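This is what each chain is made of:
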Amino acid sequence: MAKYKRILLKLSGESLMGSQNYGIDAQRLAEYAEQIKEVSQMGVQIGIVIGGGNIFRGLSGAAKGFDRVKGDQMGMCATVINSLALSSALNAIGVKTKVLTAIRMEPIGEFYSKWKAIEALEDGYVCIFSAGTGNPYFTTDTGSSLRGIEIEADVMLKGTRVDGIYTADPEKDPAATKFSEITYDEIYNRGLKVMDLTATTMCKENNLPIYVFNMDIVGNLRRVMDGEEIGTLVHN
Ligand SMILES: Nc1ncnc2c1ncn2[C@@H]1O[C@H](COP(=O)(O)OP(=O)(O)OP(=O)(O)O)[C@@H](O)[C@H]1O
Ligand SMILES: O=c1ccn([C@@H]2O[C@H](COP(=O)(O)O)[C@@H](O)[C@H]2O)c(=O)[nH]1
């Protein structure tokens, strides 16, 4: 039996680039879709939030002179592009999906509501929550914690390109060591940057555990569902 009944899976937009410098790598997209299908077939209810860093981030836009709010709106549109790509890849392999958007944009997706989402999850749809929180100055990590709490997920799975939380950024510090578990408070106290603080605080205050793992290794999502300890658990 799967370890969790209902999950909120956060996927990194940057990871979707695969080996490219920009955009969507078809192979990485197909691998993500297959992993999600496998877990959906186990009966797990799956909500997904995908980032937009492979296309646009408001902060990088602001650094080039864009208005920050417009830049963030561009970033949110980037998450919609990624959500549509993932939805299409899932549909192509027989998985039913519903794209719900935080900003009204029918017919691209249906306007999000908690109850619509839960009904779709219970009907076996994989729900993709796009456009983040719908507000500027936030990130999709915060969008994930928000949606995870709203849909009453058992856990927020942060599928990223590192295999957990380390004492320092493992992509910069080869001497960094990995935690198998850590509390939210330790994340603050040690100044760890794996997830933004707004998202961490929302999870802490609402008791939503976070599990950070490497989604770029095919089969890992299933391993998490099987209870294998391949990442880092964050809890109170
Ligand atoms: N202490 C740490 N432990 C683990 N990873 C860390 C740590 N500090 C920084 N990181 C970095 O955080 C990154 C993971 O963040 P995330 O998955 O949100 O990536 P992202 O590129 O910001 O995603 P998105 O495109 O969705 O915005 C890793 O690639 C890693 O380099
Ligand atoms: O609630 C939100 C979520 C996201 N944004 C903007 O989108 C980009 C892409 O999201 P990432 O989490 O960085 O992948 C982000 O940089 C913001 O510009 C937002 O404004 N509000």
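Residues numbered from 1 in each chain as written. Chains lettered and ligands numbered in written order. Predicted model: local features only at pLDDT ≥ 70, side-chain atom pairs only at ≥ 80, totals over all residues. Heavy atoms only, no water.

By the naming in an unreviewed UniProt entry, the protein chain is Uridylate kinase, taken from Marseilla massiliensis. Entered under Subcellular location (unreviewed entry) in the UniProt record, the comment concerning the protein chain runs "Cytoplasm". Word for word, the UniProt comment on the protein chain under Sequence similarities (unreviewed entry) is "Belongs to the UMP kinase family." (UniProt positions renumbered as here; feature names shortened; annotations may be inferred.)

(A) Structural detail: the site of ligand 2. Every one of the 17 residues lining ligand 2 counts as a neighbour, but Gly 58, Asp 72, Thr 133, Asn 135 and Thr 140 are closest to it. At 2.8 Å, a side-chain N or O of Arg 57 approaches an oxygen atom of ligand 2. Here an oxygen atom of ligand 2 sits 2.5 Å away from a polar atom, N or O, in the side chain of Thr 140. When ligand 2 is considered free in solution it has 450 Å² of accessible area, and contact with the protein chains removes 94% of it. Top element by residues in the shell around ligand 2 is helix α3 (residues 68–92). It accounts for three residues. By residue class, the composition of the shell around ligand 2 is five nonpolar, ten polar and two charged. (Near = heavy atom within 4 Å. Polar contact = N/O pair within 3.5 Å; in protein donor to acceptor, adjacent residues only side chain to side chain. Areas by Shrake-Rupley, 256 points an atom, 1.4 Å probe, with all protein chains shown as cover. Helix = DSSP H or I, 4+ residues; strand = E, 2+ residues; numbered from the N terminus. Nonpolar A, V, L, I, M, F, W, Y, C, P; charged D, E, K, R; others polar.)

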